[in-house]
Amino acid sequence: MVNKETIKTWAEDGVGVIQLNRPKVLNALNRRMVTEILLTLEEWDKDDSVAVIVVTGNYKVFAAGADIDEMAGDDSISLELLNQFAEWDRIAWVKKPIIAAINGYCLGGAFELALSCDLIVAAEDAQFGFPEINLGVMPGAGGTVRLTKLMGRAKALEWLWTGEYMSAKTALENGVVNRTVARELVFEETMKLARKIAKQAPLSLRMIKESVNKSVDHSTYEAMQFERKNFYMLFSSEDQKEGMNAFIEKRKPNFKGK
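All values reported here derive from a predicted model rather than from experimental measurement.

## What to know about the sheet that holds strand E8 (residues 166-167)
Spatial strand order, E5-E7-E8: 3 strands in an open sheet with mixed pairing. The open sheet has two edge strands, strand E5 (105-107) and E8, and neither has a second partner. Relative to E8, strand E7 (residues 127-129) is paired through 2 bridges, and the arrangement is antiparallel. Looking at the pairing, Phe128 lines up with Met166 of E8. Strands in contact with helix H5 (residues 109-116) are E5 and E7; relative to E5, the strand with the most contacts, it is inclined by about 90°.

Printed below as a string of structure tokens:
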């Protein structure tokens, strides 16, 4: 069980919720918070009662970025010895769907956290950005890479070089977020989406995520071979038999993740 000092967590209807909880510093991500988020993600990834995970802030803000006070005294050697981003890398190993629900500011490290999730639901007035260049540094937890894969080289460079904030509308138009909703509906709509996904076959969710991720970093041919193997593998599952029998019998399937 994770000892939680910087986040709140609960689960309902097959959805696990991680709420960032450092309100006095606008949920700035310190190393403790990243560790607690990661360990909770890994814990729920092994928990059969949780099918989908939601990461959110609060009504006013997702997070204003990384904790600069914590990092200001670091140097290259201290960061190397800390292996600063090793835990961030492990987020990509989580097999279950992760959805970010964004209100207010989502900047720097917080934007990287959101981009580490599989889907993003944002308030219509949410603000995204990588202001690291204004501090003489740059994103280091995947920001330059993930933004480029989503927006393309030239657009990503513009946002990364200027450090300007990106509106939710612009983020939506560039495929950075999946949908935008009114601020007061962000969590409700995210949970509605999460509950819908949570009803799907767990093994199918897992293998679809693996196949989609594979397509991002490999050739079309390699990704299609991986997809094909996952497709074949699902025909060994009880859920495949249940799903197809339910279709034939005109009833809702009862998936068990087996």
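After presenting the structure, the write-up continues.
## Re the pattern of salt bridges
This structure, assessed with the given rule, holds 17 salt bridges. Residue Arg32 is joined to Glu36 by a salt bridge in which the shortest nitrogen-to-oxygen separation is 2.5 Å. Placement of the pair is Arg32 and Glu36 together in helix H1 (residues 31-45), with a separation of 4 residues, close to one helical turn. For Arg32, a relative accessible area of 33% translates into the label partly exposed. A salt bridge links Lys95 to Glu210; its shortest N-O distance comes to 3.2 Å. Of this pair, Lys95 sits in the loop between helix H4 (86-91) and strand E4 (98-102) while Glu210 sits in helix H10 (residues 202-217), and the two are 115 residues apart along the sequence. Each of Glu5, Arg32 and Glu36 takes part in salt bridges that share partners, so that together they form one network.

## Here's the deal with the nonpolar core
Leu20, Ile102, Phe128 and Leu147 are the most contacted members of the largest nonpolar core, which totals 61 residues. The contacts of Leu147, once residues within four sequence positions are left out, are Phe111, Leu115, Phe130, Gly152, Ala156, Trp159, Leu160, Met166 and Val176.

## Things to note about the state of the cysteines
Overall, the coordinates contain 0 disulfides when judged by the stated rule. Left without a disulfide partner, Cys106 is nearest to the cysteine sulfur of Cys117, which lies 9.0 Å away. Using a relative accessible area of 0% as the deciding quantity, one classes Cys106 as buried. Look at Cys117 and you get buried, because its relative accessible area is 10%.

## Focus on the domain arrangement of the protein
By the assigned domains, the protein splits into domain 1 (7-198) and domain 2 (202-248). At the interface, 8 residues of domain 1 touch 6 residues of domain 2. Of the roughly 630 Å² buried between domain 1 and domain 2 on both sides combined, carbon and sulfur atoms contribute 54%. Ranking the residues of domain 1 by area buried against domain 2 places Lys95, Asp118 and Lys149 at the top, with a combined share of 65%. On the surface where domain 1 and domain 2 come into contact, there are 3 salt bridges. A salt bridge links Lys209 to Asp118; the shortest N-O distance between them is 2.9 Å.

## Things to note about the packing of aromatic side chains
Taken as a whole and assessed by the stated rule, the structure comprises 6 aromatic pairs. Of the aromatic side chains, those joined through ring pairs into one cluster are Phe111, Phe128 and Phe130.

## Some words on the pairing of strand E3 (residues 52-56)
For E3, a buried count of 5 out of 5 residues is recorded, marking the element as mostly surrounded by other parts of the structure. Every second residue of E3 is oriented toward a common face, with Val52, Val54 and Thr56 on one face and Ile53 and Val55 on the other, all of them buried. As defined by bridge partners, strand E2 (residues 15-20) adjoins E3 across 5 bridges and the pair is classed as parallel. When the sheet's bridge partners are listed, Gly16 is paired in E3 with Ile53. Crossover E2 to E3 through H1 is right-handed.

Conventions used here
- Residues numbered from 1 in each chain as written.
- Predicted model: local features only at pLDDT ≥ 70, side-chain atom pairs only at ≥ 80, totals over all residues.
- Heavy atoms only, no water.
- Pairing = 2+ DSSP bridges.
- Helix = DSSP H or I, 4+ residues; strand = E, 2+ residues; numbered from the N terminus.
- Contact = heavy atoms within 4.5 Å.
- Axes fitted to C-alpha atoms, helices over the stretch in contact; angles between N-to-C directions.
- Salt bridge = Lys/Arg side-chain N within 4 Å of Asp/Glu carboxyl O.
- Buried < 20%, exposed > 50% of the residue type's maximum accessible area, 1.4 Å probe, protein only.
- Core = buried A, V, L, I, M, F, W, Y, C linked by side-chain atoms within 4.5 Å.
- Disulfide = S-S within 2.5 Å.
- Domains from an automatic or database assignment.
- Buried area = accessible area lost by both parts, 1.4 Å probe.
- Phe/Tyr/Trp six-rings, centres within 6.5 Å; stacked < 30°, edge-to-face > 60°.
- Right-handed = clockwise from strand over helix to strand, strands pointing away.

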